Amino acid sequence: MGKVIEEYTSQYDVGDVVIFSNSSMLFLGIIEGYYIDHNCGNSFWYNVRVNSNTVYTYSNHGDIAEWDIVGKLDNELKEKCYELLQTDLR
């Protein structure tokens, strides 16, 4: 019996703070998860939290494609975003 293992590499990972576009606007959010769409050229689609009440996901027609992400924030600004999100969740 054989075993086939496929490997994919994404530009972003869970926990990354990213800037993305949606409906002609820019948003800041934290990636909570992702999946690969094999019917769309093995593209990555991300679930992105923008506040304590809203996560863009497939189920609410708001999932974010890898090409919708402008870039990832690093270091100090990323930590400040995490702090604000934690305060918002309380």
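Cut-offs and rules
Residues numbered from 1 in each chain as written. Predicted model: local features only at pLDDT ≥ 70, side-chain atom pairs only at ≥ 80, totals over all residues. Heavy atoms only, no water. Helix = DSSP H or I, 4+ residues; strand = E, 2+ residues; numbered from the N terminus. Contact = heavy atoms within 4.5 Å. Areas by Shrake-Rupley, 256 points an atom, 1.4 Å probe, with all protein chains shown as cover. Buried < 20%, exposed > 50% of the residue type's maximum accessible area, 1.4 Å probe, protein only. Pairing = 2+ DSSP bridges. Core = buried A, V, L, I, M, F, W, Y, C linked by side-chain atoms within 4.5 Å. Salt bridge = Lys/Arg side-chain N within 4 Å of Asp/Glu carboxyl O. pLDDT = per-residue confidence, 0-100.

## Observations regarding the overall build of the protein chain
The secondary structure content of the protein chain amounts to one helix and six strands. Along the protein chain, from the amino end to the carboxyl end, the secondary structure elements read β-β-β-β-β-β-α. For the protein chain, contacts bridging at least 24 residues in sequence account for 43% of all contacts bridging at least 6. Working note: accessible area of the protein chain is about 6,400 Å², and carbon and sulfur atoms make up 49% of it.

## Observations regarding the environment of Phe20
Relative to the helices and strands, Phe20 resides in strand E1 (residues 17-22). Of the residues examined, Phe20 reaches a relative accessible area of 0% and is grouped as buried. With 28 residues separating them in the primary sequence, Phe20 and Val48 have C-alpha atoms 9.3 Å apart. Non-local contacts of Phe20, meaning those with residues more than four positions away in its chain, are made with Met25, Leu26, Phe27, Leu28, Gly29, Val48, Val50, Tyr56, Ile64, Asp68, Ile69 and Val70.

## A look at the pairing of strand E2 (residues 25-37)
In terms of strand pairing, E1 meets E2 through six bridges, oriented antiparallel. Residue pairing for E2: Ile19 is matched across the bridge by Leu28. As consecutive antiparallel partners, E1 and E2 are separated by two residues, and within that stretch Ser23 has a phi angle of approximately 55 degrees, a positive value. Bridge analysis of E2 against strand E3 (residues 43-49) gives seven bridges, and the strand direction is antiparallel. Of the residues in E3, the one forming a bridge with Tyr34 is Tyr46.

## Here's the deal with the nonpolar core
Counting residues in hydrophobic clusters, the biggest one holds ten residues: Tyr12, Val18, Phe20, Ile31, Phe44, Tyr46, Val48, Tyr56, Ile64 and Ile69. No other element matches the three residues that E3 contributes to this core. Setting aside anything within four residues of it in sequence, one finds Tyr12 in contact with Val18, Ile31, Tyr46, Glu66, Ile69, Val70, Gly71 and Lys72.

## Comments concerning the pattern of salt bridges
Per the stated rule, a full pass over the model turns up one salt bridge. The closest approach of N and O atoms between Glu32 and Arg49, which form a salt bridge, is 2.5 Å. Of this pair, Glu32 sits in strand E2 while Arg49 sits in strand E3, placing them 17 residues apart in sequence.

## Some points on the confidence of the model for the protein chain
When pLDDT is low, close inspection of the predicted coordinates is not appropriate. With 89% of its residues at a pLDDT of 70 or more, the protein chain shows a mean pLDDT of 83. In the model of the protein chain, helix H1 (residues 75-89) stands out as the element of lowest mean pLDDT, 68, in contrast to E3, which has the highest, 91.

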